[in-house]
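# Summary of structural features
These are the residues of each chain, in order.
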Amino acid sequence: MIISPPELSMLPTLHQQEASLCRSIFPEGKLLLVSDDITHKILGERIISNFHAADIKYLSLQELPKANIENVIKIQENLADCVGIIAVGSGTINDLCKLAAYRADKKYVVFATAPSMNGYASANASISANGHKKSLTARPPAAIFCDLEIIAAAPKRLILAGLGDSVCRSTVQADCLLAHLLLNTPYQPQIFDILQQYEDNLFIQIEGLTTGNINAISALMGTLLASGHCMTIAGSSQPASQGEHMIAHCMEMLFTDSLPETYHGEQIGVTSLACAEIQQNILQTNSLNWQIADFPTNRFPEGLNNEFQNEYNQKTAQYGKFIRNKLRLEWENIRTKIQPHFKSPASLKEVLERANAPTNNQQIGWDSSKYKTAIELAAFTRNRFTFLDLWCGL
Ligand SMILES: [Zn+2]
């Protein structure tokens, strides 16, 4: 199935073009602009001034809105007399509008304000309901508008968060390929070929990200949009989220109350290095003694919430002896196929360091012993087979 990407306008400035860009998607009818206090000042006001007053109304979700179901409902209520949504913001605003548009069966477009995450083009929204964060089926935007001057002026931390969420292509690909070669799970090499091209273009101009260089910002935004679109093509987060995301999620699930506020991408930059380290150790081993590997079919750890037990059982039901045999017989072939796509932890660290992005748990306020626990338990939290499973089984 071919899923065409959203319309994309990425220019140094979209000033004075805002209304005509929106009208290319919504030829007529009133539109609801959704922003928060900050994004409204940055861009929302400018967009509104470009419309006739009768053609647009706006809902400001005020300061630092939460990605929760209450805000989704608020947007839906305001949407009743409108034909569609103009979202102005990044992670939270985009997630809220994506789900509200889906539930109301209306289109939405987004004016990006920061290159902070890869969810702009995806079809899922991460929303809390009753205190639990869930990835819900939603609607990808009909168009993404990127005013690069606005995006380049985003806070440095948001830009570096976007970089952090962009360094995991190699750890994700290694995990996906491992699961494919061992368990025949779906693997689309062309998706990773696309992502690698964006990554190559981004990694050669890292220094420009924090100096407002438009080409560097465009490279980062392109990488993030491609990642989101690849998730939509794959029908899941699989091409953008494997072991490194499981470690970050495990950390949040286990220690929610004691963690400082950090951006998702800051976490992923750090956990990608941990994942690459584990992958490197395993890939460098010639003769792993798979025979004695006690795959953790019955090793569900104490202290981890039982809700993960089912998730984990689904995974382990498929392997055990079968994987041990396959590893013993085919390991050389498997690692030879993975190695060309792998990037060493040292090379990923160098990329993050060139931008002065966080590279270790302390820099994002994560206690070392808690982080170690999260790395050890991450494999048990999700029905996705990764290098973390091999690492646990050794
Ligand atoms: Zn991510």
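Residues numbered from 1 in each chain as written. Predicted model: local features only at pLDDT ≥ 70, side-chain atom pairs only at ≥ 80, totals over all residues.

Okay, the overall build of the protein next. Tallying secondary structure elements over the protein gives 16 helices and 8 strands in all. Taking 2.2 N^0.38 as the reference for a compact globule, 394 residues should give roughly 21 Å; the C-alpha atoms of the protein span a radius of gyration of 22 Å, in line with that estimate. Each of the three principal axes of the protein carries a C-alpha extent, and together these read 70 × 45 × 40 Å. Across the 394 residues that make up the protein, the buried fraction comes to 48%. Nonlocal contacts in the protein, meaning residues at least 24 apart in sequence, comprise 80% of its contacts between residues at least 6 apart. (Helix = DSSP H or I, 4+ residues; strand = E, 2+ residues; numbered from the N terminus. Rg over C-alpha atoms; globule rule 2.2 N^0.38 Å. Buried ≥ 20, exposed ≤ 12 C-beta atoms within 10 Å, placed from the backbone. Contact = placed C-beta atoms within 7 Å.)

Helix length check: helix α7 (residues 169–183) (15 residues) gives 21 Å between terminal C-alpha atoms against 21 Å at 1.5 Å per residue, within 8%. Across the 15 residues that make up α7, a large majority, 11, are buried. Taken together, the buried positions of α7 are R169, S170, T171, V172, Q173, A174, D175, C176, L177, L178 and A179. (Expected span 1.5 Å × (residues − 1).)

With that settled, the discussion passes to the environment of A121. Position of A121 among the secondary structure elements: in the loop between β5 (107–112) and β6 (124–129). For A121 and H229, which are 108 residues apart along the polypeptide, the C-alpha to C-alpha distance reads 5.2 Å.

Mapping A276 onto the fold places it in helix α11 (residues 264–283). Accessibility expressed as a C-beta count within 10 Å gives 27 for A276, which makes it buried. Dropping the residues within four chain positions of it, A276 is found in contact with T171, K343, S344, P345 and L348.

Looking at the secondary structure, you find L195 in helix α8 (residues 189–203). Overall, the presence of 23 C-beta atoms within 10 Å leaves L195 in the buried class. Separated by 144 residues in the primary sequence, L195 and F51 place their C-alpha atoms 37 Å from one another. In this view, L195 contacts R169, A226, S227, C230 and P239; residues no more than four positions away in its chain are not counted.

Turning to the nonpolar core, a few remarks are in order. Residues V34, I85, I86, C97, A100, I151 and I247 are the most contacted members of the largest nonpolar core, which totals 111 residues. Looking at which element gives the most residues to this core, the answer is helix α9 (residues 214–234), with 10 residues. Both of domain 1 (7–154) and domain 2 (168–186 + 242–393) provide at least three residues apiece to this core. When neighbours within four sequence positions are excluded, I247 is seen to be in contact with T271, A274, C275, A374, I375 and A378. (Core = buried A, V, L, I, M, F, W, Y, C linked by C-beta atoms within 7 Å. Domains from an automatic or database assignment.)

Let us now look at the domain arrangement of the protein. Domain boundaries in the protein define domain 1 (7–154) and domain 2 (168–186 + 242–393). When each unit is reduced to the centre of its C-alpha atoms, the spacing between domain 1 and domain 2 is 34 Å.

Let us now look at unusual backbone geometry. Even without glycine at this site, Q62 takes up a positive phi of about 65°. Among the residues examined, Q62 registers 11 C-beta atoms within 10 Å and is labelled exposed. The phi torsion at N184 lies on the positive side, around 60°, for a residue other than glycine. Within the secondary structure layout, N184 lies in the loop between α7 and α8.

One way to put it is that helix α10 (residues 243–255) packs onto helix α15 (residues 368–377) with a least axis distance of 8 Å and a crossing angle of 120°. One element, α10, and the other, α15, form an angle in the oblique class. The two elements α10 and α15 cross, and the hand of that crossing is right-handed. Across the interface between the two elements, I247, C250, M251, L254 and F255 of α10 pack against K370, Y371, T373, A374, I375 and L377 of α15. (Axes fitted to C-alpha atoms, helices over the stretch in contact; angles between N-to-C directions. Parallel < 35°, antiparallel > 145°, perpendicular 65-115°, else oblique. Left-handed = near helix turned anticlockwise from the far one by under 90°.)

Here we take up the packing of helix α3 (residues 69–79) against helix α4 (residues 91–104). Two elements in contact, α3 and α4, have axes whose closest approach is 9 Å; the angle formed by their N-to-C orientations is 55°. Our classification of the angle between α3 and α4 gives oblique. Crossing of α3 over α4 shows right-handed handedness. Seen from α3, the contacting residues are N71, V72, I75, Q76 and L79; seen from α4, they are L96, C97, L99, A100, R103 and A104. For the contact of α3 with α4, the class distribution of residues is 8 nonpolar, 2 polar and 1 charged. (Nonpolar A, V, L, I, M, F, W, Y, C, P; charged D, E, K, R; others polar.)

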